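# Secondary and tertiary structure notes
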Amino acid sequence: MALPVAFFALFFAYPVTAIVGRGLRTEDGWQFGRIGEVVGRPDILDVLWFTTWQALASTALTLLIALPGAYVFARFAFPGKQVLRAVVTVPFVLPTVVVGTAFLAVLGRGGLLDELWGVRLDTTVWAILLAHVFFNYAVVVRTVGGLWSQLDPRQEEAARVLGAGRFAAFRRVTLPALAPAVAAAALMVFLFTFTSFGVVQILGGPAYSTLEVEVYRQTAQLLDLPTAAVLTLVQFTAVGAILAVHAVTVRRRERALRLVDPAQTSRRPRGAGQWALLGGVLLTALLLILLPLGVLVERSLDGPGGYGFGYYRALQSAGSGAASTFLVPPLEAVGNSLRYALVATLIALVVGGLAAAALTRRAGRLVRGFDALLMLPLGVSAVTVGFGFLITLDQPPLDLRTSWILVPLAQALVGVPFVVRTMLPVLRAVDERLREAAAVLGASPLRAWREVDLPLVRRAVLVAAGFAFAVSLGEFGATVFIARPDTPTLPVAVARLLGRSGELNYGQAMALSTILMLVCAVSLLLLERIRTDRSGEF
């Protein structure tokens, strides 16, 4: 636990507490009265209200649209199922900047709806809600569908034999078993939408602001640290409560259920109703997921002189429309992002792997508290972390403000929770007697780990690396503060281009977003191939 605790203390707790301290502490001491003053302001109350209700609406809409998909993936067998499963998962690993850009190409000025019917939905709450559903669809499908596929269908069939109707059997047998998984998925969706930044920043316009967006505005634009500190504390408290409730629902999911091999529960659709349900899910995937991504690619190719790679070629030069936006050609952001993401992945694997190994040794409340600590970066304001890096890591012996390593460190904070959640179940499944047998035969602890643990968890390590690489590649909230002008990352470059007027800047943003989308999609498809490889499935 030593290295992970030191890593989080230095690069997470220290920057966050420094920001809060600068906002609430004066020469006369701590000014906790500012909390009530800030929270009671009408503009802040509006932000809190919008943050909460849009998260609730996004969660409800996501469940409504994604639960039929979870059932289809759990119970139906059809050609292309694995490919479609990977496709619907792509949005979850996409950077929020790409998601916002894709929906901007569909719903914004000059977008698909604007061209066809003269309708614009950007700067409206509907654009935000739809983008959130797009982003979190896979959370529900994976979380609920994974358990649903392992529930024994004979239990529901037995209820129907005893006289229960189809809906009554589902309500009394299947739904209680699925309830903890549905609750866990809903809480994760609520957490992601409650802390939404990139989507709201791009699609919401000045009229809509979540807590995360407001922290960024107060910090980067108004330099109002007291208000930003109070909002950080509010968000931290809310996220802590959400994670506590999520932990309870996860423990409820671990209760005894009669589970079977998913292959035994999957069959081809039968009857017009089931085929209609499958068709509806396929249509939803087409309109909700494939359409925005397809329009994004189309807009990146639609140049002033017709379709071609003009916008992509323009990325090779820092002149013309990008002259006032970048010090270097925007295309260099691709290489920067790949290098940063690779280093961040290595850091996340080392820190997350040690943390997962520590968590396999059950040690009561201390380990449970450590487990909760590892999840905090997913919910605490990344904007606060990024700005905290600037004001804390600027003095010896840790004067990193001008160092390239600052970006991978911030990205690794987001990657570590994914590494831990991927590796922990596999490490806990390793039979302790195998390690004991190796020790009896004279193997040292290091050799026992190399000969026993590593072969069993190698595939989990590769999957964890894939997730860490994808989320590091798309990290935006913290990177927007610490990425240097001469070494921008892809999400930062896209945001800068969208912030400038002009057709060339818009086209280059679409081109960079397409590149970022393709890199993330390839990473996920490789991850899916590794995960479903029967030669070493875990």
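All values derive from a computational prediction rather than experimental measurement. (Residues numbered from 1 in each chain as written. Predicted model: local features only at pLDDT ≥ 70, side-chain atom pairs only at ≥ 80, totals over all residues. Heavy atoms only, no water.)

### Notes on the overall build of the protein
Helices and strands together make up the secondary structure of the protein, namely 24 helices and 6 strands. In terms of overall size, the protein behaves like a compact globule, its C-alpha atoms giving a radius of gyration of 24 Å where 538 residues would be expected to give roughly 24 Å. In terms of overall dimensions, the protein has C-alpha extents of about 70 × 65 × 50 Å along its principal axes. In the protein, which comprises 538 residues, the proportion classed as buried is 51%. Of all intrachain contacts in the protein linking residues separated by at least 6 positions in sequence, the fraction that spans at least 24 positions is 79%. As displayed, the protein has an accessible area near 24,200 Å², and 63% of this comes from carbon and sulfur atoms. When the 46 positive and 33 negative side-chain charges of the protein are each reduced to one mean point, those points stand 9 Å apart. (Helix = DSSP H or I, 4+ residues; strand = E, 2+ residues; numbered from the N terminus. Rg over C-alpha atoms; globule rule 2.2 N^0.38 Å. Buried < 20%, exposed > 50% of the residue type's maximum accessible area, 1.4 Å probe, protein only. Contact = heavy atoms within 4.5 Å. Areas by Shrake-Rupley, 256 points an atom, 1.4 Å probe, with all protein chains shown as cover. Lys, Arg positive; Asp, Glu negative; His and termini not counted. Charge placed at Lys NZ, Arg CZ, Asp CG, Glu CD.)

### Focus on the confidence of the model for the protein
Taken over all residues, the pLDDT of the protein has a mean of 82, while the share at 70 or more is 90%. The secondary-structure element of the protein with the lowest mean pLDDT is helix α13 (residues 262-265), recorded at 64, while helix α3 (residues 42-75) shows the highest, at 93. For the stretch residues 534-538, pLDDT sits under 50, and the model shows 8 contacts to residues farther than four places along the chain or on other chains. (pLDDT = per-residue confidence, 0-100.)

### Quick word on the packing of α3 against helix α9 (residues 166-194)
For the pair α3 and α9, the least separation of the axes is 8 Å and the interaxial angle reads 135°. On the basis of the axis angle, α3 is oblique to α9. Of the two possible hands of crossing, α3 and α9 adopt the one that is right-handed. Along the contact surface, α3 presents T51, T52, Q54, A55, L56, S58, T59, T62, L63 and L67, while α9 presents V182, A186, V189, F190, T193 and F194. Tallied by class, the residues present in the contact of α3 with α9 amount to 9 nonpolar, 7 polar and no charged. (Axes fitted to C-alpha atoms, helices over the stretch in contact; angles between N-to-C directions. Parallel < 35°, antiparallel > 145°, perpendicular 65-115°, else oblique. Left-handed = near helix turned anticlockwise from the far one by under 90°. Nonpolar A, V, L, I, M, F, W, Y, C, P; charged D, E, K, R; others polar.)

### A look at the layout of surface pockets
Taken as a whole, the second largest pocket holds about 930 Å³ of empty space. Along its surface, the second largest pocket is lined by 32 residues, and L104, L497, L498, G499 and R500 are the ones closest to its centre. Only α5 (96-107), α10 (198-203), α11 (211-221), α23 (490-498) and α24 (503-531) provide two or more residues apiece to the lining of the second largest pocket. Tallying contributions element by element places α23 first for the lining of the second largest pocket, with 5 residues. (1 Å grid on protein atoms, 1.4 Å probe; cavity = no way out; pocket = protein on both sides within 12 Å on 5 of 7 lines; lining within 4 Å. Points joined across faces, edges and corners; volume = space filled by probe spheres on them.)

### A closer look at the packing of aromatic side chains
Taken as a whole, this structure holds 19 aromatic pairs when the rule is applied. Each ring, one from F103 and one from F134, has its centre 5.2 Å from the other, and the planes form 75°; the classification is edge-to-face. On the criterion of sequence distance, the pair formed by F103 in helix α5 and F134 in helix α7 (residues 125-148) is long-range, its members being 31 residues apart. Of the aromatic side chains, those joined through ring pairs into one cluster are F7, F8, F11, F12 and F389. (Phe/Tyr/Trp six-rings, centres within 6.5 Å; stacked < 30°, edge-to-face > 60°.)

### Details of the nonpolar core
Counting 166 residues, the largest nonpolar core has F7, L94, F389 and L512 as its most contacted members. Per-element tally for this core: the top contributor is α7, with 16 residues. Look past the residues within four positions of F389 in its chain and what remains in contact with it is F11, P15, L406, L409, A410, L413 and I482. (Core = buried A, V, L, I, M, F, W, Y, C linked by side-chain atoms within 4.5 Å.)

### Here we look at the environment of L61
Counting through the fold element by element, L61 comes out in helix α3. By relative accessible area, L61 is classed as partly exposed at 21%. A sequence separation of 69 residues divides L61 from L130, and the C-alpha atoms of the two residues are 8.5 Å apart. Residues in contact with L61, not counting those within four places in the same chain, are L129 and V133.

### Quick word on the pattern of salt bridges
The full count for this structure, using the stated rule, is 6 salt bridges. Measuring nitrogen to oxygen at the nearest pair gives 3.0 Å for the salt bridge that ties D43 to R41. Its salt-bridge partner being R484, residue D486 comes within 3.6 Å of it at the nearest N-O pair. Through salt bridges with shared partners, a single network forms among E115, E298 and R299. (Salt bridge = Lys/Arg side-chain N within 4 Å of Asp/Glu carboxyl O.)

### Quick look at a nonpolar patch on the surface
Residues L283, L286, L287, L290 and L291 make up a contiguous nonpolar surface patch of about 430 Å² in total accessible area. Tracing the sequence through the fold places L290 in helix α14 (residues 271-301). (Patch = residues over 30% accessible without salt bridge, like charges linked within 9 Å, V, L, I, M, F, W, Y side chains within 5 Å.)

### Side note on empty space enclosed by the protein
Within the structure shown, the criterion is met by 2 cavities of 30 Å³ or more. Elements supplying a minimum of two residues to the lining of the largest cavity: α4 (81-93), α7, α10, α19 (406-429) and α21 (445-474). When the residues that make up the lining of the largest cavity are grouped by side-chain class, the tally is 17 nonpolar, 11 polar and 2 charged. Considering the residues around the second largest cavity, the lining is formed by F12, P377, A382, V385, A410, L413, V414, E475 and A478. Looking at the lining of the second largest cavity, the elements with two or more residues in it are α18 (382-392) and α19. In terms of residue count, α19 provides more of the lining of the second largest cavity than any other element does, 3 residues in total. Its residues placed into classes, the lining of the second largest cavity shows 8 nonpolar, no polar and 1 charged.

### A closer look at unusual backbone geometry
One can expect most non-glycine residues to show negative phi and most peptide bonds to be in trans. Residues other than glycine seldom take positive phi values, yet T123 does so here, at roughly 65°. Given a relative accessible area of 41%, T123 falls into the partly exposed group.

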